[in-house]
Amino acid sequence: MRQKQVVLDINTLIRKNILNMKPYSSARDEFNGKADIYLDANENPFPSSYNRYPDPLQFQVKEEICRYEGIKSSQLFLGNGSDEAIDLLIRAFCEPNKDSILVTEPTYGMYRICAEVNAVNVQHILLTHDFDLDLDTFLKSVTNSTKIVFLCSPNNPTGKLLGRERIEAVLKQFNGLVVIDEAYIDFASSKSFLEALSTYSNLVVLRTFSKAWGLAGLRLGLCFASEEIIAVLNKIKHPYNISSTTQELALEALKNRVTKENWVKEVVQERDRLTIELKSLPQVQHVFPSDANFILVRVTDAHRVYNYLMTQGIIVRNRSSVALCFNCLRITVGTHKENKRLIQAIKEL
Ligand SMILES: *Cc1c(COP(=O)(O)O)cnc(C)c1O
């Protein structure tokens, strides 16, 4: 732990085997220009829409995203969902049976799963009772083996943003990667950490097409970081990790930004309306304020409400067994009609 601002030397953080390996070089890596006849990748020569391998580095999609965000496309990695980026970050920087990641409790489950699959230790710190980061606990919990800290903001399942100053304190003081998962940032009032990329060499920002963009079925996740960190992810990813269809559909969605923005507006409106309605129900003890597209609700008996809703054909997520979430349901904001049915069903209970 250093008090001075961290300037990360990626080569000392990365696993030695990955630093030293020579990456796979695909046909499309070795020649990526235009030609008349391609006889280099053992593809089927007969015309069909998908007889050719996709662009391994997704040049067009990255250009389109980065032009909008004002970031160099060499600072963006695209994955098969953000889950791929989470997995690759852990595999690139954490030595199995030796290094650790640090996560908050509660948070998104995939950080822990990816670590466990890779035999990487998981350290965890409990959030405060109002679901924020406790800096003292954080500083006390970090050890020399901690390579990556995962901060989900707005957090899943709490729905709350972590304090900006607290995240900045972690970025300044932690001598490893700080991954901020912004899967729900479109629904939040606070701005993204993307623009802090030029200030913090240890910052990694995750985004996804799965929530606000309405493309969970597509599987496309974004990871922004320094050129050095992105180069490491590109070095170890599977050569053709994003299919041609995914790249085409993502480009189409990006040209329709207004649609996404309208969806977000409507979801935020519904979320705020749903929050008020839920508060008026006798079965509801507390509605936690949300910066996301879901609401965490403490009810008198989560099991009972969950099971009753299921009999009414409405599925929510029971988070009762999660730290700090006793008797809590996580409810995704639906359409106006769906939300009305939800409220009606809880009233009938
Ligand atoms: C839904 C979600 C994601 C999205 O993961 P994908 O693999 O991109 O679908 C990432 N992080 C958090 C915290 C989420 O809740």
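None of these values were measured; they are calculated from a predicted model.

Reading the values: rules and limits
Residues numbered from 1 in each chain as written. Predicted model: local features only at pLDDT ≥ 70, side-chain atom pairs only at ≥ 80, totals over all residues. Heavy atoms only, no water. Phe/Tyr/Trp six-rings, centres within 6.5 Å; stacked < 30°, edge-to-face > 60°. Buried < 20%, exposed > 50% of the residue type's maximum accessible area, 1.4 Å probe, protein only. Helix = DSSP H or I, 4+ residues; strand = E, 2+ residues; numbered from the N terminus. Near = heavy atom within 4 Å. Polar contact = N/O pair within 3.5 Å; in protein donor to acceptor, adjacent residues only side chain to side chain. Areas by Shrake-Rupley, 256 points an atom, 1.4 Å probe, with all protein chains shown as cover. Nonpolar A, V, L, I, M, F, W, Y, C, P; charged D, E, K, R; others polar.

Q: Help me get a handle on the packing of aromatic side chains, residues and values and all.
A: Scanning all chains against the criterion turns up 7 aromatic pairs. Between tyrosine 108 and tyrosine 111, the ring centres sit 5.5 Å apart and the planes meet at 75°, which makes this aromatic pair edge-to-face. By relative accessible area, which is 0% here, tyrosine 111 ends up buried. With a centroid separation of 4.9 Å and an interplanar angle of 50°, the aromatic rings of phenylalanine 131 and phenylalanine 288 are classed as tilted. Within this pair, whereas phenylalanine 131 is found in the loop between β3 (121-126) and α7 (135-141), its partner phenylalanine 288 is found in the loop between β8 (284-287) and β9 (294-299), the two being separated by 157 residues in sequence. Using a relative accessible area of 3% as the deciding quantity, one classes phenylalanine 131 as buried.

Q: Please provide a residue-by-residue account of the site of the ligand, values included.
A: Neighbouring residues of the ligand: 14 residues in total, closest Ser82, Tyr184, Thr208, Ser210 and Lys211. Within the side chain of asparagine 156, a nitrogen or oxygen atom sits 2.9 Å from an oxygen atom of the ligand. Within the side chain of threonine 208, one N or O atom sits 2.6 Å away from an oxygen atom of the ligand. Within the complex, 93% of the 390 Å² of free accessible area of the ligand lies under protein. Among the residues making up the shell around the ligand, the classes are represented as 5 nonpolar, 5 polar and 4 charged.

Q: Account for the side chain of asparagine 156, naming residues and giving values.
A: Following the sequence through the fold, asparagine 156 ends up in the loop between β4 (146-152) and α8 (164-173). Polar side-chain contacts of asparagine 156 include one of 2.9 Å to the side chain of arginine 330.

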